[in-house]
Amino acid sequence: MIIAIVIILVVVGSVGFHLVSPWWWTPIASNWGYIDDTINLTFAITGVVFVAVLLFTAYCVIRFRAKKGHKAHYEPESAKLEIWLSVLTSIGVVAMLTPGLFVWYQFITVPDGADEFEVLGQQWLWSYRYPGKDGQLGKTDSRNVTADNPFGIDTADPAGQDDVLVQGEDLHLPLDRPVKFLLRSLDVLHDFYVPQFRAKMDMIPGMVTYFWITPTRTGSFDILCAELCGVGHHAMRGIVVIEEEGAYKKWLSEQPTFAQSLAKANAGAKRVSNLSSDGSFR
Amino acid sequence: MADVTNRDIDYVAPAEVEEMELYHAHSWITKYVFCQDAKVIAIQYSLTAVAIGLVGLVLSWLMRLQLGFPELFSFIDAEDYYQFITMHGMIMVVYLLTALFLGGFGNYFIPLMVGARDMVFPYVNMLSFWVYLIAVVVLVASFFVEGGPTGAGWTLYPPQTILSGTPGSDGGIVLMLVSLALFIVGFTMGGLNYVVTVLQGRTRGMTLMRMPLTIWGIFIATVLALLAFPALFVGAVMMLFDKLLGTSFFMPAIVELGEQLSYGGGSPLLFQHLFWFFGHPEVYIVALPAFGIVSDLISVHARKNIFGYRMMVWALVAIGGLSFIVWAHHMYVSGMNPYFGFFFATTTLIIAVPTALKVYNWVLTLWRGNIQLTLPMLFALAFIVTFVNGGITGLFLGNVVVDVPLSDTMFVVAHFHMVMGVAPLLVIFGAIYHWYPKITGRMLNEGMGQFHFWVSFLGAYAIFFPLHYLGLMGVPRRYYEMGEISFIPESVGTLNAFVTVMTLIVGFSQVVFLFNMVWSLFYGKKADPNPWKATTLEWQTPETPPGHGNFGKELPIVYRWAYDYSVPGAKDDFIPQNVPPSQVSGKKKAPARRRKRK
């Protein structure tokens, strides 16, 4: 009998917790409101099932708990009831799956004309690369990676020379423009995750993965790594700043291109070799 | 047709042999150590699983201490934390739950419940346990090698698993992979036994559709395990080669901390497919025995036949089959071809239908029952609560686009703990309270049992229910510490501290449970051979606990299904499976039953 009351309290408590607890999703900052809608729909359908099944269980326990001289009813099965329940459940499943697949199709279909840029993950930091004036990212290969070419850009590819490189700085993106994130990793799996964007995707060495969003409000948001990537996983953080297009363009123009950073590195290397013939500072 | 019988040969009388020759133990060693009796092997399996499970429990305390009170415990650093979560996960899923359900319950109850004297291959069965024990020893050894056990997460995703940025990437990961391979070898020997015994060892009259659902659950789960574990075996061996021989099955070209490694051409995604081809059926390897056992607990203690037996059997078969084509729902954000999402989301949500039907049928079994609120029944009810909760959050994660914001967050942690941690464990507890009298001849102490039940059920629910909402907010899993994240309010820390305290309390109640098991062995109330008045064969043995050979001189003959409870016209409210129709008083058959026979 106590168990029936406790089950009812668990149901009431769970629904109450859902409604009033302070822990809920972050205010959205991208176009993926449809994902939130699908989650809400799923909460509604499964919530009804949760409450109905458990309250019915509690009712059965109260109504049919053992009494002296009482005997259970004998009924092996009821095809009719089972078919009804299958059909109802199937309808519920279809009601969740259909919008889910519809939104998934949108999620994986990048609109024409979306801006492209690259996120590079490595233990345990984020770097970013924009296509530069020609609008094209240069070819890359992790075999090209050196201290002076941390992105592994193919130096023979002219498209790569004007690529804008951002390292050790916040990521900036313009408001209201669809943007395709090209995701690349040098070492292990990472996952680019901004909760307010409602999007994430793993980054795999040797592959380029992607997702797309349209940022819908300005502000700065935390970037987290969401795929265990070694002992520094929890410290692999970044900031993405969403700003008006003017401010974004100004910021971008202040970042070095690949050609500039290579030249700077070469000049630096020369200075170092002038300073010391045996490679050490005196 | 030619006459092939040679009529000239004299009649030869059949040799006078016993119905089945068993290897009876002749010494203490062969009776308690290298024993071929499935019941002893079951207890050996169970004790080993519980022992390593306690290690897993302590690891969960340590990780929760770090999460609940991040600054307080300076002896837990990031490496330790990742090692704790990895070993906790692997121990609980493989070495505790799989071993306990199949090696423990499977060994004890398959022969007893199908009316066999023992497993079909007792010697191989014994080997199965000893190989499992070696696997556990190798696993434990990884705690003591230099660098400690692996901290790659229980999913062991390459490339990080074998690279230096991950704790335990030297000795730890090698021992982990070797241990898994050994486990699979040991399991395969036991698993073949379970399958063959169910198919070949049943007593007369025990048709497949008369078997108790406990056996159906264990049987289907074993078939899944035999088909799924090889994928993990292959993955483990290939990864060992990548680690030890420098091959590149899973390793692409990698620049590690500025240094070019010599790997190239391998696919990290391939490992994920192999892992989850095993990993998803693994969920059902744990769940299906629980489904089966809980069906029997509910039926016995509600004094009512399980509702829709045939549907329950086919649902088990359907879930088992479907579980092989849903694996990539663990990989929606893995970077695999996004069009896989359509297929795997559809198959995953289809699996919800037979699963939901099972839930309905458990609840409908209570309907118009005569519900005894015994400890096994309480645990079964708690299972329904936690399983419904954990099952519906699966509909979130299975629906591909909903999974995108939720995957790799605490929502996932909460979901799988509720559905394949708490729910199956509650069934294990219920099953132990149910069958302890048969296994030991004594009842477990009721008071300690009540304490254990309420703390475990409500405590576990209080731990995992709120965690869903942290995940919804975006709190990631596998984070040693949150540090400063702007969207995470301080209240998250408070909730984490609460959860940690609950974890310690629930963990402590397990100590009470273990104490109860030992205490009752000596001081428990003497048990009736069939204290719950159940119909299945294990309760009809001449001895309690059953001796070697289970059934005395004559094997039982089965006349009916396992669920003749409260049959109209019968004197008692249960008719054991081995009672012939002629001995049922008031021979009037139930109308519903006659309809079924047609």
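Conventions we followed
- Residues numbered from 1 in each chain as written.
- Chains lettered and ligands numbered in written order.
- Predicted model: local features only at pLDDT ≥ 70, side-chain atom pairs only at ≥ 80, totals over all residues.
- Helix = DSSP H or I, 4+ residues; strand = E, 2+ residues; numbered from the N terminus.
- Rg over C-alpha atoms; globule rule 2.2 N^0.38 Å.
- Buried ≥ 20, exposed ≤ 12 C-beta atoms within 10 Å, placed from the backbone.
- Contact = placed C-beta atoms within 7 Å.
- Axes fitted to C-alpha atoms, helices over the stretch in contact; angles between N-to-C directions.
- Parallel < 35°, antiparallel > 145°, perpendicular 65-115°, else oblique.
- Left-handed = near helix turned anticlockwise from the far one by under 90°.
- Nonpolar A, V, L, I, M, F, W, Y, C, P; charged D, E, K, R; others polar.
- Pairing = 2+ DSSP bridges.
- Domains from an automatic or database assignment.

1. What to know about the overall build of chain A
- When helices and strands are counted, chain A shows 6 helices and 10 strands.
- Relative to the compact-globule value of 19 Å for 282 residues, chain A shows a C-alpha radius of gyration of 28 Å, a clear excess of over 25%.
- Burial status across chain A gives 41% buried among its 282 residues.
- A sequence separation of at least 24 residues applies to 69% of the contacts in chain A between residues at least 6 apart.

2. Structural notes on the packing of helix α2 (residues 33-63) of chain A against helix α9 (residues 340-366) of chain B
- Interaxial distance between α2 of chain A and α9 of chain B falls to 9 Å at its minimum, and their mutual angle equals 20°. Taken together, the axis directions place α2 of chain A and α9 of chain B in an arrangement best described as roughly parallel. Judged by the twist between their axes, the crossing of α2 of chain A over α9 of chain B is left-handed. Seen from α2 of chain A, the contacting residues are V53, F56, T57, C60 and V61 of chain A; seen from α9 of chain B, they are V359, V363 and L366 of chain B.
- For the contact of α2 of chain A with α9 of chain B, a count of residues per class yields 7 nonpolar, 1 polar and no charged.

3. Some details on the sheet that holds strand β2 (residues 125-130) of chain A
All names here are of chain A.
- Strand order in the open sheet made by the 5 strands is β3-β2-β1-β5-β8, with mixed pairing throughout. The outermost strands of the open sheet, each flanked by one partner alone, are β3 (164-167) and β8 (209-213). Averaged over neighbouring strand pairs, the angle between their axes works out to 25° when direction is ignored.

4. Some points on the sheet that holds strand β10 (residues 237-243) of chain A
All names here are of chain A.
- Pairing is mixed in the open sheet, where 5 strands are placed in the order β4-β10-β9-β6-β7. Of all strands in the sheet, those bounded by a partner on one side alone are β4 (171-174) and β7 (199-203). Sheet twist, expressed as the average angle between the axes of neighbouring strands with direction ignored, equals 25°.
- Pairing analysis gives 6 bridges linking strand β9 (residues 219-225) to β10, with the strands arranged antiparallel. Counterpart to D222 in the pairing with β10 is I239.

5. What to know about the interface of chain B and chain A
- At the interface, 96 residues of chain B touch 80 residues of chain A.
- The biggest single contributor to the side of chain B that touches chain A is α9 of chain B, with 13 residues.
- Among the residues making up the side of chain B that touches chain A, the classes are represented as 63 nonpolar, 21 polar and 12 charged.

6. Regarding the domain arrangement of chain A
Residues and elements named next belong to chain A.
- Per the domain assignment, the segments making up chain A are domain 1 (2-65 + 78-108) and domain 2 (115-266).
- Each of domain 1 and domain 2 was reduced to a C-alpha centroid, and the two centroids are 39 Å apart.
- With 9 residues of domain 1 at the interface, the matching set in domain 2 holds 13 residues.

7. A look at the packing of helix α1 (residues 2-20) of chain A against α2 of chain A
Residues and elements named next belong to chain A.
- Where α1 meets α2, the closest approach of the two axes is 8 Å, and the angle between their N-to-C directions is 160°. Relative to α2, the element α1 lies roughly antiparallel. Along this stretch, α1 crosses α2, giving a crossing that reads as left-handed. Of the residues in α2, those in contact with I3, A4, I7, I8, V11 and V15 of α1 are V51, L54, L55, T57, A58, V61 and I62.

8. Let's talk about the environment of T347 of chain B
- Structurally, the position occupied by T347 of chain B is in helix α9.
- Sequence-distant contacts of T347 of chain B, defined by excluding residues within four places in its chain, comprise L322, I325 and V326 of chain B.

9. Comments concerning unusual backbone geometry
- Along the chain, Q123 of chain A connects to W124 of chain A via a cis peptide bond; the corresponding omega equals -10°.
- Tracing the backbone shows W124 of chain A in the loop between β1 (115-122) and β2.
- Following T544 of chain B, the chain continues into P545 of chain B via a peptide bond in cis, with omega recorded as -5°.
- Positionally, P545 of chain B belongs in the loop between α14 (490-523) and α15 (591-597).
- Phi is positive for L257 of chain B, close to 50°, though the residue is something other than glycine.
- Residue placement: L257 of chain B occurs in the loop between β1 (255-256) and β2 (259-260).

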